[in-house]
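Residue-level structure breakdown
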Amino acid sequence: ALDVLIHWQGSAHTLDLSLEKYSAAINRLSPKDKNLCNALIFGVLRNRNFIDQVILSCSTIPLEKIHTGPLYLLRTALFQIIYLDRVPDFAAINTAVEIAKKRFGKKISGYVNAVLRNGSTRYPSIALPDQAKQPAGHIEITGSLPLWLAKRWVHRYGFEQTRTLCAQINTIPPITL
């Protein structure tokens, strides 16, 4: 999942092309791990704005200064901590730290460890834009919607309906035949 996200971010390719590039490696995974890989990729992208807000509140380094690899490692681990219940927090943190050591070095692994430990306890109470004063900003973070679209929808549909639309967009649809 991390390789797909890094490849996608670092190139002009679409996500489909990045998934295709790593399809052989993904297909070698067990069905359970393949499902987790897909959940991580699409979950990180679906919830990136909120995850980034958690990183911002727990890091001394601005997002634009964090290299792509460690940033997506943080996003992937925080997605597991915040949104998945089948991976215990300590396991997500430990796995991310081990990956950081191997791929990015000991210094980065210490940073990853600090941000994830801080984020795992602070994410429920991080500061969000006030929904009364900055409704579009609030929707941008909680609904992971681009700010320009959040502004347009809040103006057109109102805050509550926009929040409902975001909830529906970010819901994984059931499989039907």
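Above this text sits the structure in question.
Residues numbered from 1 in each chain as written. Predicted model: local features only at pLDDT ≥ 70, side-chain atom pairs only at ≥ 80, totals over all residues. Heavy atoms only, no water.

1. Remarks on the environment of F159
Short version of the rule: A helix here means a DSSP run of H or I that spans at least four residues, while a strand means a run of E at least two residues long, and both kinds are numbered starting from the N terminus.
By secondary structure assignment, the location of F159 is in helix 11 (residues 159-169). It is 25 Å that separates the C-alpha atoms of F159 and F79, two residues lying 80 residues apart in sequence.

2. So, the packing of aromatic side chains
In plain terms, the rule: Between the rings of Phe, Tyr and Trp (Trp by its six-membered ring), a pair exists once the centres lie within 6.5 Å; its type follows the angle of the planes, with under 30 degrees stacked, over 60 edge-to-face, and the other angles tilted. When accessible area is computed with a 1.4 Å probe and restricted to protein chains, residues below 20% of their type maximum are described as buried, those above 50% as exposed, and intermediate ones as partly exposed. Two limits define a charge over a ring: the Lys NZ or Arg CZ must be within 6 Å of the ring centre, and within 35 degrees of the ring normal.
Within this structure, the stated rule accounts for two aromatic pairs. Taking the centre distance of 6.4 Å and the plane angle of 70° together, the rings of W153 and Y157 count as edge-to-face. Of the two residues, W153 and Y157 both sit in helix 10 (residues 147-157), four residues apart, roughly one turn of that helix. With relative accessibility at 34%, the residue Y157 sits in the partly exposed group. The ring of Y22 carries the charged tip of K21 above its face, separated from the ring centre by 5.4 Å. Over the ring of Y72 we find R75; its NZ or CZ atom is 4.6 Å from the centre of that ring.

3. A few points about the packing of helix 7 (residues 89-104) against helix 8 (residues 106-122)
Definition in use: Only C-alpha atoms enter the line fits that serve as axes; for helices the fit covers just the stretch in contact. Angles between N-to-C directions range over 0 to 180 degrees. Throughout, the term roughly parallel applies to angles under 35 degrees, roughly antiparallel to angles over 145, roughly perpendicular to angles from 65 to 115, and oblique to all others. Put simply, a crossing is left-handed when the front helix is turned counterclockwise from the back one by less than a right angle, and right-handed when it is turned clockwise. Two residues qualify as a contact provided that any one of their heavy atoms is within 4.5 Å of a heavy atom in the partner residue. Residues are grouped as follows: nonpolar covers Ala, Val, Leu, Ile, Met, Phe, Trp, Tyr, Cys and Pro; charged covers Asp, Glu, Lys and Arg; every other residue, Gly included, is treated as polar.
It is at 8 Å that the axes of helix 7 and helix 8 come closest, and there the two elements cross at 160°. With respect to helix 8, the element helix 7 is oriented roughly antiparallel. As helix 7 runs across helix 8, the sense of the crossing is right-handed. Facing D89, I93, A96, V97, A100, K101 and F104 of helix 7, the residues of helix 8 in contact are I108, S109, V112, N113, L116, R117 and S120. Tallied by class, the residues present in the contact of helix 7 with helix 8 amount to eight nonpolar, three polar and three charged.

4. A closer look at the side chain of Q53
For the record, the criterion: We define a polar contact as two N or O atoms separated by no more than 3.5 Å, with the added condition that, inside protein, one atom must be a possible hydrogen donor and the other a possible acceptor, whereas residues neighbouring each other in sequence contribute only through side-chain atom pairs.
Tracing the backbone through its elements, the reader meets Q53 in helix 5 (residues 48-58). Accessibility expressed as a relative area gives 18% for Q53, which makes it buried. Separated by 3.2 Å, the side chain of Q53 and the backbone oxygen of A127 make a polar contact. Discounting chain neighbours no more than four positions away, the residues touching Q53 are I126, A127, L128 and I141.

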